[in-house]
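# Geometric and topological summary
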Amino acid sequence: MPIYHHLGQLPPKRHTQFRKPDGGLYYEQLFGTVGFDGMSSLLYHIGRPTQVKRIVGKTDLTPAVAEAKTITARKLIGFDVAPQDDFLAARKPLLVNSSTQIGVAAPRHSLRDYFYKNADADELLFIHRGTGTLRTLVGNIPFEYGDYLVIPRGIIYQIDFDTEDNRILYTESTDPIYTPKRYRNHFGQLLEHSPFTERDYKLPRDLETHDEEGEFTIKIKKQGMLHELVYASHPFDVVGWDGYNFPYGFSIHNFEPITGRVHQPPPVHQTFETKSFVVCSFCPRLYDYHPLAIPAPYNHSNIDSDEVLYYVDGDFMSRTGIGPGYLTLHPGGIPHGPHPGTYEGSIGKTGTEELAVMIDTFHPLQVTAEAAKIDDGKYYQSWLADAH
Ligand SMILES: [Fe+2]
């Protein structure tokens with residue numbers, strides 16, 4: 001997150017004595033990424049954050065792959081993934097490659113029994129259904145329908161859900177997830193042409209500080225394994241922190257669409273970028289206003305990227321047979337475009353209520369066994385004239 005934020009108490013000078021009421025020292029931790037070159041924060045703990053008591057074991061989270069190399073367009077029925085109680089068990093990776101995992105989850109219960117840390121990847125959670133609070137060692141972020149939650153690698157967190165009806169699209173990225181560079185100036189500030197501003201961010205607040213010793217389980221994802229470690233001090237024992245490395249939220253409903261006289265290309269919808277993929281938000285907006293405009297997109301060849309669309313709400317203008325929670329994969333190497341009738345049918349329409357998230361990866365995606373279970377199996381032929 002390229003802005004400065006702080007919560008709680010801080011010493012006036014970094015790397016100096018910062019004392020507790022009883023005279024003991026707080027323990028400083030530099031929390032950074034990309035060596036000492038990326039964004040970082042300085043955290044002040046009551047206990048030393050290094051006190052591993054036991055390493056209990058590990059579980060392999062490597063997704064089972066059904067088709068490693070594919071050129072088949074697919075439609076996955078995301079809401080057919082069954083809800084599960086546990087937050088991590090509920091996660092079902094669907095489309096994966098060496099740097100990216102895209103999946104859906106329907107967790108029924110809050111994550112309260114243990115703490116979780118993804119040491120492999122930044123996480124991007126998109127909240128399709130459900131409300132609650134992301135609770136982290138650097139503060140809490142309330143969330144609701146339409147929120148993206150960006151959780152940098154290494155953040156220890158739990159999550160509270162208000163009800164059992166929760167649906168999440170999640171992406172894990174071994175490359176850091178940033179806002180697009182072209183939206184930012186030399187100092188990192190979002191520019192006037194950006195479709196969102198710093199004011200739209202949901203920053204961590206309500207820092208929880210637990211002065212407790214005992215047994216605290218942290219499940220840590222590292223090299224695709226979920227390691228279970230027991231620590232001697234509470235992971236949420238930070239009395240204060242400052243810096244640039246922290247989780248934040250952003251509502252898709254605060255994305256301000258850019259429109260034009262003729263059809264605007266997908267980059268105008270871009271919300272996040274990594275070295276491996278981009279994320280775009282397709283939001284309700286007015287259509288193109290050239291008198292002869294065709295609002296539906298032209299056919300396009302994503303020769304060297306795979307395109308994943310997650311449909312959230314509203315009618316998606318260029319698709320038929322699509323509902324909320326569906327995902328489509330348009331693999332690189334072959335063109336795709338509007339479904340029969342939607343190209344012509346878009347003429348004269350003045351706006352759309354579509355809401356969707358698009359993830360375009362620069363390396364091919366593999367189709368997992370979980371995806372095969374919810375694949376409609378015939379989507380690749382849906383552009384034929386007699387398909388509908
Ligand atoms: Fe496309």
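Residues numbered from 1 in each chain as written. Predicted model: local features only at pLDDT ≥ 70, side-chain atom pairs only at ≥ 80, totals over all residues. Heavy atoms only, no water.

### Thoughts on the coordination of the iron ion
Using the following cut-off: Here the term donor refers to an N, O or S atom within 2.8 Å of the metal (or 3.2 Å for Na, K and Ca), and because water is left out of the atoms, sites may appear incomplete. In these descriptions, tetrahedral denotes four donors with every angle between 85 and 135 degrees, square planar four donors and octahedral six donors with opposite donors over 155 degrees apart and the rest between 65 and 115, and irregular any other case. Helix numbering and strand numbering both begin at the N terminus, where a helix is a DSSP run of H or I of at least 4 residues and a strand a DSSP run of E of at least 2. Partly exposed residues are those whose accessible area sits between 20% and 50% of the maximum for their type, while under 20% is buried and over 50% is exposed, using a 1.4 Å probe and protein chains only.
Taken together, the protein ligands of the iron ion are His 300 (NE2), Glu 307 (OE), Glu 307 (OE) and His 336 (NE2), with distances of 2.1 to 2.6 Å. Here the iron ion binds four donor atoms, and the angle range of 55 to 166° at the metal identifies the geometry as irregular. When the donors of the iron ion are listed by position in the chain, the intervening gaps give H-x6-E-x28-H. Linking Glu 307 in strand 24 (residues 306-313) with His 336 in strand 26 (residues 335-336), this pair joins segments that are 29 residues apart in sequence. For the pair Glu 307 and His 336, a shared accessibility class is recorded, and that class is buried.

### Concerning the sheet that holds strand 10 (residues 122-129)
Basically, it comes down to this: We call two strands paired when DSSP finds no fewer than two bridges between them. Axis definition: a line fit to C-alpha positions, over the contact stretch in the case of helices; interaxial angles, taken between N-to-C directions, run 0 to 180 degrees.
One open sheet holds the eight strands; their spatial order is 5-29-7-8-15-10-13-19, and the pairing between them is antiparallel. In this open sheet, the two strands that pair with only one neighbour each are strand 5 (65-67) and strand 19 (248-251). Recorded for the sheet is a direction-independent mean angle of 30° between the axes of neighbouring strands. Here strand 10 pairs with strand 13 (residues 147-151) via four bridges, running antiparallel. Opposite Phe 126, over in strand 13, you have Tyr 148 as the bridge partner.

### Concerning the sheet that holds strand 14 (residues 156-161)
The strands that make up a sheet pair up through hydrogen bonds in the backbone, lying either parallel or antiparallel. Ordered by their spatial adjacency, seven strands build an open sheet running 4-17-16-9-14-11-12, and the pairing between neighbours is mixed. The sheet is open, and its two borders are formed by strand 4 (52-60) and strand 12 (139-143), each paired with just one other strand. Averaged over neighbouring strand pairs, the angle between their axes works out to 25° when direction is ignored. One ladder, built from seven bridges, connects strand 4 with strand 17 (residues 225-233); its direction is antiparallel. Its bridge partner being in strand 17, Ile 55 is matched across the sheet by Leu 229.

### Side note on the UniProt feature "domain: Homogentisate 1,2-dioxygenase N-terminal" (unreviewed entry) in the chain
As a reminder of what qualifies: UniProt positions are given in the numbering used here, feature names are shortened, and annotations may be inferred rather than shown by experiment.
Within this structure's numbering, the places UniProt gives as "domain: Homogentisate 1,2-dioxygenase N-terminal" (unreviewed entry) are residues 106-250. Between the first and last C-alpha atoms of residues 106-250 the distance is 20 Å; the span itself is 0% helix and 50% strand.

### Some words on a nonpolar patch on the surface
Inclusion rule: Here a patch means residues that are over 30% exposed by relative accessible area and free of salt bridges, tied together within 9 Å if like-charged and within 5 Å if nonpolar (Val, Leu, Ile, Met, Phe, Trp, Tyr). Method for areas: the Shrake-Rupley scheme with a 1.4 Å probe, in which residue coverage is limited to the protein chains shown. One side-chain nitrogen of Lys or Arg within 4 Å of one carboxyl oxygen of Asp or Glu is enough to make a salt bridge.
A cluster of nonpolar side chains, Ile 294, Tyr 343 and Ile 347, forms an exposed patch at the surface whose accessible area comes to about 250 Å². Within the secondary structure, Tyr 343 is located in helix 1 (residues 342-345). Judged by relative accessible area, which is 35%, Tyr 343 ranks as partly exposed.

### With respect to the pairing of strand 8 (residues 100-105)
Along any regular strand, the residues point their side chains to alternate faces of the sheet. Most of strand 8 sits inside the fold, with six of its six residues counted as buried. Because side chains alternate across strand 8, one face comprises the buried residues Thr 100, Ile 102 and Val 104, and the other comprises Gln 101, Gly 103 and Ala 105, equally buried. Summarising the sheet, strand 7 (residues 91-96) and strand 8 pair through five bridges and their orientation is antiparallel. For Pro 93, the partnering residue across the bridge sits in strand 8 and is Gly 103. The hairpin turn running from strand 7 into strand 8, its antiparallel successor, is three residues long. Note: strand 8 against strand 15 (residues 167-173), six bridges, orientation antiparallel. Within strand 15, the residue paired with Gln 101 across the bridge is Glu 172.

### Re unusual backbone geometry
Notably, Val 34 is not glycine yet its phi reads approximately 55°, a positive angle. If you trace the backbone, Val 34 turns up in the loop between strand 2 (27-32) and strand 3 (40-45). If you check the backbone angles, Gln 223 has positive phi at about 55° while not being a glycine. One can find Gln 223 in the loop between strand 16 (213-222) and strand 17.

### Considerations on the packing of aromatic side chains
Which entries qualify depends on this criterion: Side-chain rings of Phe, Tyr and Trp (the six-membered ring for Trp) are treated as a pair once their centres are within 6.5 Å; stacked means planes under 30 degrees apart, edge-to-face means over 60, and tilted covers the remaining angles. Either the NZ atom of lysine or the CZ atom of arginine qualifies as a charge over a ring when it sits within 6 Å of the ring centre and within 35 degrees of the ring normal.
Taken as a whole, this structure holds 17 aromatic pairs when the rule is applied. For the ring pair Phe 196 and Phe 250, a centre distance of 4.8 Å and an interplane angle of 50° mean the geometry is tilted. Linking Phe 196 in the loop between strand 15 and strand 16 with Phe 250 in strand 19, this pair joins segments that are 54 residues apart in sequence. Here the aromatic cluster, defined as three or more aromatic residues joined through ring pairs, consists of Phe 126, Tyr 148, Tyr 183, Phe 196, Phe 250, Phe 255 and Phe 272. One cation-aromatic arrangement involves Arg 91 over Tyr 170; the distance from NZ or CZ to the ring centre is 4.8 Å. Over the ring of Tyr 114 we find Lys 219, and its NZ or CZ is 4.1 Å from the ring centre.

### Digging into the domain arrangement of the chain
The cut-off we apply is this: By convention here, the domain bounds are inherited from an automatic or database domain assignment. For this analysis, residues touch if any pair of their heavy atoms sits within 4.5 Å. Buried area is calculated as the accessible area (1.4 Å probe) missing from two parts once they are joined, with the contributions of both summed.
When its domains are assigned, the chain resolves into domain 1 (48-64 + 82-250) and domain 2 (252-381). Spacing between the C-alpha centres of domain 1 and domain 2 amounts to 26 Å. Counting from both sides, the interface comprises 38 residues of domain 1 and, opposite them, 42 residues of domain 2. The contact between domain 1 and domain 2 buries some 3,300 Å² in all, and 64% of this surface belongs to carbon and sulfur atoms. For domain 1, the biggest contributors to the area lost against domain 2 are Leu 94, Leu 95 and Tyr 148; these three give 18% of the whole.

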